[in-house]
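Descriptive analysis of the structure
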Amino acid sequence: MSDYKLGTRCVQGGYTPGNGEPRQIPIVQSTTFRYATSEDMGKLFDLEASGYFYSRLQNPTNDLVAAKITELEGGTAGMLTSSGQAANFFALFNICECGDHIVASSGIYGGTFNLISVTMAKMGITATFVSPDASEEELDAAFRPNTKAVFGETIANPALTVLDIEKFAKAAHAHGVPLIVDNTFPTPVNCRPFEWGADIVTHSTTKYMDGHGTALGGAIIDHGVFDWMAHAEKFPGLCTPDESYHGITYAEKFGKEGAFITKCTSQLMRDFGSMQSPQNAFILNLGLESLHVRMPKHVENAQAVAEFLYSHPKVAYVNYSGLPTDKYYEVAQKYLPHGGCGVVSFGLKGGREAASVFMRELKLGAIETHVADARTCCLNPATSTHRQMNDEQLKEAGVPAELIRISLGLEDKEDLIADISNALDAI
Ligand SMILES: *Cc1c(COP(=O)(O)O)cnc(C)c1O
């Protein structure tokens, strides 16, 4: 499938049925799998043979959908997780342990920021946050001898900063560690971070990949290029024998192409069990089949709305990397030449009160803690997700009180603009 163009891979990647087999990916709704001899089963447990034995670790439906996302990103191996949060946790925890350190962009999703700065800190894994706009020198200064990974988001949710992937990859590789990029917002339709030097890509498939607000999920994809053995002293989990698998060394047995995902499945999925249900994987695949058709429409709507808002007298500012006035326009031209995503954020001159009137008056855009849905939705972080903060703290966190995040769906842009225009008139 990798010879085909991206749209063809969206529709038919990951699964090619044989004669008389189901045309659509079958939902294998089974927790367990049957074997004739205990020797057969034993080989699976020792990772001597590949196959299914328990759906907490692997399920055929999930693997077909993971294979499609792997083809879309241009990786060598991939896996699904129960959520985007689980994907980011697994991607980091697969190579970091107590005493290790992460360099992360400060422009990342709040959930991931909490995961790294609070929960992983409790596990003894510390982090240094750097601005997504950090210079090479500033990036360099963030590393420590125990740094094991660099983490960032292609387009940050909700800050909408665009990551200079090449710069972050260069810094990571100069220090012998991989770059992990959460590519949720652009999806592989608009950006493939591996082409710019990223080593691991993660997704909240809950967003555009599903695209219909239906199924929670995540994915981890490995580029299969990072040479773990060349930095063996940093990655003992991959480069020294795993006693829980009779002394297998993942990087030796599965090579650069397979070590990361095999370890992540056989250790972390086994022990944490954050597995996506095969029903959800099936629904996710329906979303993937139209991803290449939907993303350009999300971008078209967002671009039109961003331009409309930019020229409106009641609007103080607009963040959208497709606007030539945007701070990230140049870097977006490089990494997101076909546009980024359907999410726009903006501030109203009337502040917090104006934001609340605006959102109340919207008819098509519903107030939701969600983005990247076929239906337009919006959120004022100051009165919802960031409600506990005062105006000063909100400003520091990059989500000033008046900020509205609007995720443009797949409706007709004329209707969306008319709806937004009416809501602005009501202020
Ligand atoms: C939503 C989101 C997540 C978390 O994903 P869930 O599927 O909600 O767990 C992680 N990263 C980004 C960029 C997101 O937008």
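This write-up is about the structure you can find in this document. (Residues numbered from 1 in each chain as written. Predicted model: local features only at pLDDT ≥ 70, side-chain atom pairs only at ≥ 80, totals over all residues. Heavy atoms only, no water.)

**Quick notes on the site of the ligand**
Close to the ligand lie 15 residues, the nearest being Asn 157, Asp 182, Ser 204, Thr 206 and Lys 207. Ser 204 has a polar side-chain atom sitting 2.8 Å from an oxygen atom of the ligand. Taking Thr 206, its side chain carries an N or O atom lying 2.6 Å from an oxygen atom of the ligand. In isolation the ligand has 380 Å² of accessible area, and contact with the protein removes 93% of it. Tallying contributions element by element places helix α4 (residues 84–93) first for the shell around the ligand, with 3 residues. For the shell around the ligand, the residue count by class is 2 nonpolar, 10 polar and 3 charged. (Near = heavy atom within 4 Å. Polar contact = N/O pair within 3.5 Å; in protein donor to acceptor, adjacent residues only side chain to side chain. Areas by Shrake-Rupley, 256 points an atom, 1.4 Å probe, with all protein chains shown as cover. Helix = DSSP H or I, 4+ residues; strand = E, 2+ residues; numbered from the N terminus. Nonpolar A, V, L, I, M, F, W, Y, C, P; charged D, E, K, R; others polar.)

**Things to note about the environment of Val 293**
Secondary-structure assignment places Val 293 in helix α13 (residues 291–310). By relative accessible area, Val 293 is classed as exposed at 55%. Each C-alpha atom of the pair Val 293 and Val 189 lies 9.3 Å from the other, and the pair is 104 residues apart in sequence. (Buried < 20%, exposed > 50% of the residue type's maximum accessible area, 1.4 Å probe, protein only.)

**Some points on the pattern of salt bridges**
By the definition in use, this model includes 12 salt bridges. Here Glu 48 and Lys 253 are joined by a salt bridge, their closest N and O atoms 3.9 Å apart. Residue Glu 48 is located in the loop between α2 (38–45) and α3 (60–73), and its partner Lys 253 is located in helix α10 (residues 250–253); the two are separated by 205 residues in the primary sequence. Judged by its relative accessible area of 53%, Glu 48 falls in the exposed class. Overall, Lys 253 belongs to the partly exposed group, its relative accessible area being 40%. A salt bridge links Lys 297 to Glu 300, with the nearest nitrogen and oxygen atoms 3.9 Å apart. Residue Lys 297 and its partner Glu 300 are both found in helix α13; the two are separated by 3 residues, about one turn of the helix. (Salt bridge = Lys/Arg side-chain N within 4 Å of Asp/Glu carboxyl O.)

**Considering the nonpolar core**
Ile 95, Leu 179, Ile 220 and Trp 228 are the most contacted members of the largest nonpolar core, which totals 93 residues. Here the element with the most residues in this core is helix α11 (residues 255–272); it accounts for 6 residues. Other than its neighbours up to four places away in sequence, Ile 95 contacts Asp 100, Lys 148, Ala 149, Pro 178, Ile 180, Trp 228, Phe 235, Leu 238 and Phe 260. (Core = buried A, V, L, I, M, F, W, Y, C linked by side-chain atoms within 4.5 Å. Contact = heavy atoms within 4.5 Å.)

**Considering the sheet that holds strand β8 (residues 315–319)**
With mixed pairing, the 5 strands of this open sheet are ordered in space as β8-β9-β12-β11-β10. The open sheet has two edge strands with one neighbour each: β8 and β10 (366–367). Sheet topology places β8 next to strand β9 (residues 343–348); 4 bridges connect them, and they run antiparallel. Bridging across to β9, Val 318 finds its partner in Phe 346. Where α13 meets the sheet, it contacts β8 and β9, and its direction lies at approximately 15 degrees from that of β9. Lying over the sheet, helix α15 (residues 351–361) contacts β9, β10, β11 (377–379) and β12 (403–407), oriented at roughly 130 degrees with respect to β9. (Pairing = 2+ DSSP bridges. Axes fitted to C-alpha atoms, helices over the stretch in contact; angles between N-to-C directions.)

**A closer look at the packing of α13 against helix α17 (residues 413–425)**
Close contact between α13 and α17 brings their axes to 10 Å; oriented N to C, the two are set at 30 degrees. The pairing of α13 with α17 is recorded here as roughly parallel in orientation. When you trace α13 past α17, the crossing you get is right-handed. Contacts between α13 and α17 pair Glu 300, Asn 301, Ala 304, Val 305, Phe 308 and Leu 309 from the former with Lys 413, Leu 416, Ile 417, Ile 420, Ser 421 and Leu 424 from the latter. Across the contact of α13 with α17, the residue classes tally to 8 nonpolar, 2 polar and 2 charged. (Parallel < 35°, antiparallel > 145°, perpendicular 65-115°, else oblique. Left-handed = near helix turned anticlockwise from the far one by under 90°.)

**With respect to the sheet that holds strand β2 (residues 101–105)**
Strand order in this open sheet of 7 strands is β1-β7-β6-β5-β4-β2-β3, and the pairing throughout is mixed. Each edge of the sheet is formed by a strand with only one pairing partner; in this case those strands are β1 (77–81) and β3 (126–130). Across the sheet, the mean angle from the axis of one strand to that of its neighbour is 20 degrees, orientation sign disregarded. For strand β5 (residues 179–182) and strand β6 (residues 200–204), the ladder comprises 3 bridges, and the chain directions are parallel. Within β6, the position partnered with Val 181 by the bridge is Val 201. Along the sheet, α3 makes contact with β1, β6 and β7 (218–222), crossing β1 at roughly 125 degrees. Sitting on the sheet, α4 is in contact with β1, β2, β4 (147–153), β5, β6 and β7, with an inclination near 160 degrees to β6.

By themselves, these are just geometric observations and shouldn't be taken as functional.
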